[in-house]
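# Descriptive analysis of the structure
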Amino acid sequence: MYRAGEEIINKGLSPFTRILLGFVSGMFGLVMIISAPPTDKAIGFYVFAGACLSISFACIFTGRVRQFFGSLIGLGLFSASMWYLLTQLLHGPLFSARSEQSILNAVLFLVFFGVPGVSYIFKVRFGFVRKKS
């Protein structure tokens, strides 16, 4: 059963779903760039736009380009989860409500988002590894 599930996951999204997700995330990225304010807060808009455009490129392209942009997304998730965990270790409570920040919630975020992100990076090595034929 595990192998069958892994085969389905490795096939990826259907072409329609990839095109739809790529288009919508690309539009979000462009809107974030256009609507960025001319203040010091613009960096947040540009970071979010970069994440949206990375998702868009990962959906639209294939092969090594997809792996590279997927690795950027994985690196972003791992970095965000480590930053969240470190800030909570320094200033956060151990437990809190599920919707509030705590060390436990930071660990869960790292386990469910950061670890899969970094494992994808190691699997595809930023698109620099060739597929075995």
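Our structure is the block above this text.
Computed from a predicted structure; not experimentally measured.

The next thing to look at is the environment of Phe95. On the secondary structure map, Phe95 appears in the loop between α4 (63-91) and α5 (103-124). Exposure remark for Phe95: the relative accessible area of 58% places this residue in the exposed category. Once the C-alpha coordinates of Phe95 and Gly63 are considered, the two residues, 32 residues apart in sequence, prove to be 42 Å apart. If near-sequence neighbours (up to four positions away) are discounted, Phe95 is found in contact with Ser102 and Leu104.

Let's shift gears to the packing of helix α2 (residues 15-34) against helix α3 (residues 42-60). In contact at an axis separation of 7 Å, α2 and α3 are set at 160 degrees when each is read in the N-to-C sense. Compared by their axis directions, α2 and α3 come out roughly antiparallel. The element α2 and its partner α3 pack so that their crossing is left-handed. Mapping the contact onto sequence places Arg18, Leu21, Gly22, Ser25, Gly26, Phe28, Gly29, Met32 and Ile33 in α2 and Phe45, Tyr46, Phe48, Ala49, Cys52, Leu53, Ile55, Ser56, Cys59 and Ile60 in α3.

Here is what the cut-offs are and how they apply
Numbers given for residues are sequential positions, taken from 1 along each chain in its written order. Residues qualify for local features only when their pLDDT is at least 70, as the model is predicted, and side-chain atom pairs are given and counted only at 80 or more; totals for whole chains, interfaces and linings, by contrast, use all residues. Think of the side-chain values as coming from all heavy atoms in the structure, minus any hydrogens and water. Secondary structure elements are taken from DSSP: a helix is a run of H or I of four residues or more, a strand is a run of E of two residues or more, and numbering for both begins at the N terminus. Three labels apply to residues, based on accessible area from a 1.4 Å probe with only protein chains included: buried if under 20% of the type maximum, exposed if over 50%, partly exposed otherwise in between. We call two residues contacting when some pair of their heavy atoms lies within 4.5 Å. Each axis is a line fitted through C-alpha atoms, taken for helices only over the stretch in contact, and angles between the N-to-C directions span 0 to 180 degrees. The labels follow the angle: roughly parallel below 35 degrees, roughly antiparallel above 145, roughly perpendicular from 65 to 115, and oblique for the rest. Working rule for handedness: look at the near helix, and if it is turned counterclockwise from the far one by less than a right angle, call the crossing left-handed; if clockwise, right-handed.

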